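For reference, the chains in residue letters:
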Amino acid sequence: MMNIQLLFKSLFLMGLLASSALVSALPDTSAREYKILLNPSLFNGANPEIAIASYWTDLQAVIQSSINRSRSGSFTLDKVRTVKFYDTPSTCRLRANDFIFRERVENGQREVTLKYRSPDRYVSGYQDMQGTGSDAETKFEDDISTPFVVSYSHSTKQSIGSGKNLNNMDDPIGLFSGLSAYQFNPNESITLVGGLSISEVVYSGASVDLGSKVATFDLTLWYLSANSTTPVTAEISYKYADSNADYSQNVVTRAKTLFMAMQTMSAWLATNSMTKTNFVYTYNPSFCQ
C-alpha cells in the first residue's frame, strides 16, 4: 500500500513539475502598447512641434473627461533615426511567415530587430526569438490597435557593426537562430522593402497616471527622407510595463477607456487604419508580387 501511495505521489509531483515547466515556457507580457494613427498632413511643415503641442492640449482634455487622471510632461524631440525593413523581393518570405526584420540607425549606431506577431498568444510566445549577439534583448508585448485589436508581439533586438551586410537570408538567419527552423534558402537575396529608407522622428515625455502604473506617450512621424517636412505617417502610442505582467483591473480598465476615448478625436485621426508596417509593405505594391 505504501509503495502505491508513493507511486501516486511521485506521479502527482511529476505532473505539477510538467505543468509548471509548460507555463514558464511562455514569457510574461512585459508591456502593453496602444497605437492610433493620426492624420500626417496635420504635422506638415518645418515645425511640427506646434501641432504636437496642440494635440497634447486636446488629448489632456480627453484624459480628463474619460478617466479623470493626472497627466504630466509634454512632447519633446526624443529620437531621430533611420528605419529600414528587409525582405525577399517578389516573395516576401519573412512577412508571409509573420516576421518583420527591421534595422534602425541612430547616431551611426546600427540595431536590428526580428519581430514575430500573432493573434494567438501561445503561438507567438513559443516562437524561438533567440538572438546571437551578446547584447540581444527579447521582449513579449501586447500590441493593441484600433478599434481594439490585440496581437502578441515577440521580438529581439541586437546591435550590429557598421560593416555588417544585410544582403541575403543567411544574414538574418545568422543573427536570429530560430529562423533556421523555417528552412529559408540562405542564398536568397533580401532588399529594402519598397526601396524605402524611412526617417523616423519620435517625440516623447508626456504621460498619464493609470493608478499603479504610469503610461508614457510617444508621437512618431515618418518621412520619406531626412530633408522632408511632409510626414507620410503619424502615430500616437502609449505604453505601460511590468516585467511580471502584474496589471491591476483598474489599470487595464482605465487604459482601455482612454484608448476608446482617443478614437473619438476625429479631427486628428487618419482616414485609414493602415499600420506603419503595412505602409512600408504596400508603398510599392509590386515588391511582394
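You'll find the structure just up there.
These notes cover the structure that comes with them. Nothing here was measured: the structure is a model prediction, and the numbers come from that model. (Residues numbered from 1 in each chain as written. Predicted model: local features only at pLDDT ≥ 70, side-chain atom pairs only at ≥ 80, totals over all residues. Heavy atoms only, no water.)

### Considerations on unusual backbone geometry
In this chain, T146 is followed by P147 through a cis amide linkage whose omega measures -5°. For C92, which is not glycine, the phi torsion reads 45° and is therefore positive. Its place among the elements puts C92 in the loop between β3 (76-87) and α3 (93-96). Accessibility expressed as a relative area gives 3% for C92, which makes it buried. The residue N107 is not glycine, and still its phi comes out positive at about 55°. (Helix = DSSP H or I, 4+ residues; strand = E, 2+ residues; numbered from the N terminus. Buried < 20%, exposed > 50% of the residue type's maximum accessible area, 1.4 Å probe, protein only.)

### Concerning the pattern of salt bridges
One pass over the full model with this rule turns up 15 salt bridges. Where K164 meets D171, a salt bridge forms, and the shortest distance between an N and an O atom there is 3.3 Å. With a closest N to O distance of 2.9 Å, E235 and K276 form a salt bridge. Of this pair, E235 sits in strand β11 (residues 233-241) while K276 sits in helix α7 (residues 276-283), placing them 41 residues apart in sequence. When sorted by exposure, E235 lands in the same class as K276, which is buried. Salt bridges sharing common partners tie together E33, K139, E141 and K239. (Salt bridge = Lys/Arg side-chain N within 4 Å of Asp/Glu carboxyl O.)

### Things to note about the packing of helix α2 (residues 49-66) against helix α6 (residues 249-262)
Contact pair α2 / α6: the axes reach a minimum separation of 10 Å and the direction vectors enclose 130°. Of the possible angle classes, the one that applies to α2 and α6 is oblique. The two elements α2 and α6 meet at a crossing, and its hand is right-handed. Contacts from Y55, L59, V62, I63 and S66 in α2 reach T257, L258, A261 and M262 in α6. Of the residues that constitute the contact of α2 with α6, the class distribution is 7 nonpolar, 2 polar and no charged. (Axes fitted to C-alpha atoms, helices over the stretch in contact; angles between N-to-C directions. Parallel < 35°, antiparallel > 145°, perpendicular 65-115°, else oblique. Left-handed = near helix turned anticlockwise from the far one by under 90°. Contact = heavy atoms within 4.5 Å. Nonpolar A, V, L, I, M, F, W, Y, C, P; charged D, E, K, R; others polar.)

### Description of the nonpolar core
One finds L38, F217, L219 and M262 to be the most contacted residues of the largest nonpolar core, which totals 38 residues. Per-element tally for this core: the top contributor is α2, with 7 residues. If we ignore the near neighbours within four places in the chain, the residues touching L219 are L38, F43, I52, Y55, F75, V201, V202, Y203, E235 and I236. (Core = buried A, V, L, I, M, F, W, Y, C linked by side-chain atoms within 4.5 Å.)

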